[in-house]
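Descriptive analysis of the structure
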Amino acid sequence: MNPTRAVRPAVFGLVLGLWLIAPPVAAQTADHAPPGTEKLDAAVREAVASGRSFRAIVRLRSSDASSREEARRAVRAFGGRVDREHAVIPALNAEIDAATAMALAASDRVAGVSIDAEIRAGSVVGSALTSEANSTRYRQASGQSGQGRRGITVAIVDSGIQPHADLPAERVRAFIDFVNGRSEPYDDFGHGTHVAGSVAGAGGMAPGVDIVSLKVLSGTGSGRTSDVIAALEWVAANHRAYNIRVVNLSLGHPVYEPAATDPLVQAVEALSRRGIVVVASAGNMGIDPRTNRVGYGGITVPANAPSAIAVGAVEDAGGRRSQARVTDYSSRGPTRFDLLAKPEVVARGHNVVSLGAPGSYLYEMYPALRADDGGNPYLRLSGTSMAAAMVSGAAALVLESDQRLSAAAVKAVVQFTAQRLPRYDVLTQGAGYLNVAGALRVAQLIDPTVRVPFYWLSTRQLPLPYDLYGRERVAWSKTVLWGDRPLLGDSVYFHFAAWDDNVVWGNNVVWGNNVVWGNNVVWGNNVVWGNNVVWGNCVGRGCDNVVWGNDDDNVVWGNRRGDNVVWGNFDNVVWGNNVVWGNNDVVLGTWAANVVWGFWDDNVVWGNVTRDAVRTGNVVWGNDWLDNVVWGNCDNVVWGNDDNVVWGNNVVWGNCDGVNGDNVVWGNNVVWGNSLAVLTGEVQ
């Protein structure tokens, strides 16, 4: 495998004026399923091979009664037991053995069989140094009180909650126990109370919002994926009654299958389509357990959900944001199977002081981590769990500005205004370090009633793209990660369809009625969408064309003469065998976000054209500068931050058949492929 040669990327992704976003680069299949096991995820295949019984989530192709009954009969026929049925996703839970799994996989009514994986809290034991105990400085910088003026509620899916002087019981609007069935709020592990305090405690990010606590983790911090799905289904059924606009998931398990088939990911996507912001900890799998060095590709489920905000952890350094350090344990991207660029942002997650729960496992087993003050219990914890809580609180503050904002708009604003940290690439820090002040300033200017694809800020003057934290000037990254690529420029200043909730982030897009977009695409017949859009499926000369534009835009998409596309907004774009993508200037571009596709044997260059611009964290495809990605023969990928894109913290991902088939170089000079086990270490 030649990692320095880039020829013929497997699938091109197309950013159509940031209005319609095409699916990301096709998922790389690092695990070839044996015949007959294609519907089984990696963990189920392992269990079947070993002949042991296991808990499974059986996904159905339809939610109709006959499909469910056939699945139940198949489980019972082999002595299995159905434990639970799901509503938001068509699925049921069962205890099954290898024979049952294979019988289910053979059924046309079954879409797949996934492991009901053990899920764990996304925190690690804190260290001896203290950190600022609250987020007052963020709110002071933004001028936002966080007093919940409009009744925003955040759902905390975790280990429960123990009322505290800083978060009294009257602020907990509901408590649902999926573990022990108790009705009164409690937290026997202590993790959920800590997370809730960072979100909504007196010293938290949004100290006025209400909390719904959904207990899915036991007194030792572990739980089942099926319980998390059940909690998300509860949110789907009750979010209007409690005005739940944000869900915090500071937990996770390793990735065993693509996002499109993962049942927990699909439950997350179902909430996102309802306008609920889902924030998930990226995972604490940043250290390769075989080398004990920082590696890539450790994003966990459900942070790999396309529409979720995956959050990594930073450690403050002397109080200066620009000197903050992304922690070694914080999981890096890309995601397994789908190669999505994650995390979206990073936030303060190391040595965070928040609410303690006396009597809980963490509070009693780690007395050195206590930070009690005035008789009130506090605890110091570290992890991407703590970072996710910061972002959940920030999302709640953004929604206080205008509850009409979509979940996708909140996600975009949070990334757009984040601060890019020096020395870290996009797979480590995402768009950058959470900047609440900037996110609130942009959110307060957005008018959600403006039609697609027009400018939707309430002022003609663009906001200053930086904020002041004390004397420190915090510049915005002006980057939004979409699937496997960053969107650059002033994207958030316009109401693009990408910022609406009928879009699966970076993946499939569903528009309007009678449209299906997925593996098999059916895109209308004589469809008119928005401003002068025609997309058709007619047969004959001149058919299969699309005209898409608005006044000064000229767009032509067709299947004749090289599949050329012209797409413009005072831009000149040609898409075919040789493609140039830019704004007014095909070399430098007014938005400094030019793309050249298809030159020099289909090599791809993506990003800014100067080395300084690349160092800011923009992704360059096919160049030999920093933060490179090279897609080459047999769908190979080299993804890393070394000048030569060969060694260092690189990822090589291949999918070709032959001598080097399915080899992956993952992390630091580590070979990861078919002959090696897949990383399955639990989040600590």
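Looking now at the overall build of the chain. Counting its regular elements, the chain contains 14 helices and 41 strands. In the chain, buried positions account for 61% of the 684 residues. Put simply, the chain shows about 25400 Å² of open surface, and 50% of that area lies on carbon and sulfur atoms.

Let us now look at empty space enclosed by the protein. Applying the stated criterion across every chain yields a total of nine cavities of 30 Å³ or more. Volume-wise, the largest cavity comes out at about 100 Å³. If you go around the largest cavity, you meet 13 residues; those closest to its centre are Ser-272, Ser-307, Ala-407, Ala-408 and Asp-501. Breaking the lining of the largest cavity down by element, the ones donating at least two residues are strand E15 (277-281) and helix H10 (407-416). Examining the composition of the lining of the largest cavity, we find that three residues originate from one element, H10, more than from any other.

Two elements in contact, helix H6 (residues 225-242) and helix H7 (residues 263-272), have axes separated by 10 Å at closest approach and are oriented at 15 degrees. The pairing of H6 with H7 is recorded here as roughly parallel in orientation. Crossing geometry of H6 relative to H7 is assigned as left-handed. Between H6, through Thr-225, Val-228, Ile-229, Leu-232, Val-235 and Ala-236, and H7, the contact on the second element is made entirely by Pro-263, Leu-264, Ala-267, Val-268 and Leu-271. Within the contact of H6 with H7, the residues separate by chemical class into ten nonpolar, one polar and no charged.

Relative to the elements of secondary structure, Pro-343 occurs in the loop between strand E19 (320-326) and strand E20 (345-348). Taking the C-alpha atoms as reference, Pro-343 lies 7.7 Å from Ile-299; in sequence the two are 44 residues apart.

Glancing now at the sheet that holds strand E7 (residues 118-121). If you walk across this open sheet you meet the three strands as E12-E7-E14, and the pairing is antiparallel. The sheet is open, and its two borders are formed by strand E12 (222-224) and strand E14 (251-252), each paired with just one other strand. For E7 and E14, the ladder comprises two bridges, and the chain directions are antiparallel. When the bridges of E14 are listed, Ala-121 appears paired with Leu-251.

Moving on, we get to unusual backbone geometry. Excluding glycine, a negative phi dihedral is what most residues carry, and trans is how most peptide bonds are arranged. Note that the residue after Val-301, namely Pro-302, is joined by a cis bond; omega there is 10 degrees. Within the secondary structure, Pro-302 sits in the loop between strand E17 (293-294) and strand E18 (309-317). Each neighbour pair has its own omega, and for Gly-333 with Pro-334 the value is -5 degrees, a cis peptide bond. Examined against the element boundaries, Pro-334 turns out to sit in the loop between E19 and E20. If you check the backbone angles, Asn-292 has positive phi at about 60 degrees while not being a glycine. Within the fold, Asn-292 resides in the loop between strand E16 (287-288) and E17. Note on Asn-292: relative accessible area 64%, which makes it exposed. In this structure, Phe-337 is a non-glycine residue whose phi angle is positive, near 75 degrees.

Think of a sheet as strands paired side by side through backbone hydrogen bonds, with each pair either parallel or antiparallel. If you walk across this open sheet you meet the four strands as E4-E5-E3-E6, and the pairing is antiparallel. Where the open sheet ends on each side, the last strands, each with one partner, are strand E4 (81-86) and strand E6 (110-115). Averaged over all adjacent pairs, the angle separating strand axes in this sheet is 25 degrees, with direction ignored. With six bridges joining them, strand E3 (residues 54-60) and strand E5 (residues 91-96) adopt antiparallel strand pairing. Across the sheet, residue Arg-59 finds its bridge partner in E5, namely Ala-91. Relative to the sheet, helix H1 (residues 42-50) contacts E3 and E6, its axis offset from that of E6 by approximately 80 degrees. Here H6 sits on the sheet and contacts E3, E4 and E5; the angle it forms with E4, its principal contact strand, is near 30 degrees.

Relative to the 18 Å expected for 13 residues at 1.5 Å per residue, helix H2 (residues 65-77) spans 18 Å between its end C-alpha atoms, a close match to the ideal helical length. Buried within H2 are the following residues: Ser-67, Arg-68, Ala-71, Arg-72 and Val-75. Down the axis of H2, the smallest arc covering the buried residues is 135 degrees, so these residues share one side. Facing away from the buried side of H2, by more than 90 degrees, are the exposed residues Ala-65 and Ala-77. Where H2 is buried, its residues touch E3, E4, E5 and helix H3 (98-105). Looking one or two residues beyond H2, the residue adopting positive phi is Gly-79, at roughly 85 degrees.

Calculation criteria
- Residues numbered from 1 in each chain as written.
- Predicted model: local features only at pLDDT ≥ 70, side-chain atom pairs only at ≥ 80, totals over all residues.
- Heavy atoms only, no water.
- Helix = DSSP H or I, 4+ residues; strand = E, 2+ residues; numbered from the N terminus.
- Buried < 20%, exposed > 50% of the residue type's maximum accessible area, 1.4 Å probe, protein only.
- Areas by Shrake-Rupley, 256 points an atom, 1.4 Å probe, with all protein chains shown as cover.
- 1 Å grid on protein atoms, 1.4 Å probe; cavity = no way out; pocket = protein on both sides within 12 Å on 5 of 7 lines; lining within 4 Å.
- Points joined across faces, edges and corners; volume = space filled by probe spheres on them.
- Axes fitted to C-alpha atoms, helices over the stretch in contact; angles between N-to-C directions.
- Parallel < 35°, antiparallel > 145°, perpendicular 65-115°, else oblique.
- Left-handed = near helix turned anticlockwise from the far one by under 90°.
- Contact = heavy atoms within 4.5 Å.
- Nonpolar A, V, L, I, M, F, W, Y, C, P; charged D, E, K, R; others polar.
- Pairing = 2+ DSSP bridges.
- Expected span 1.5 Å × (residues − 1).
- Arc of directions from axis to C-beta.

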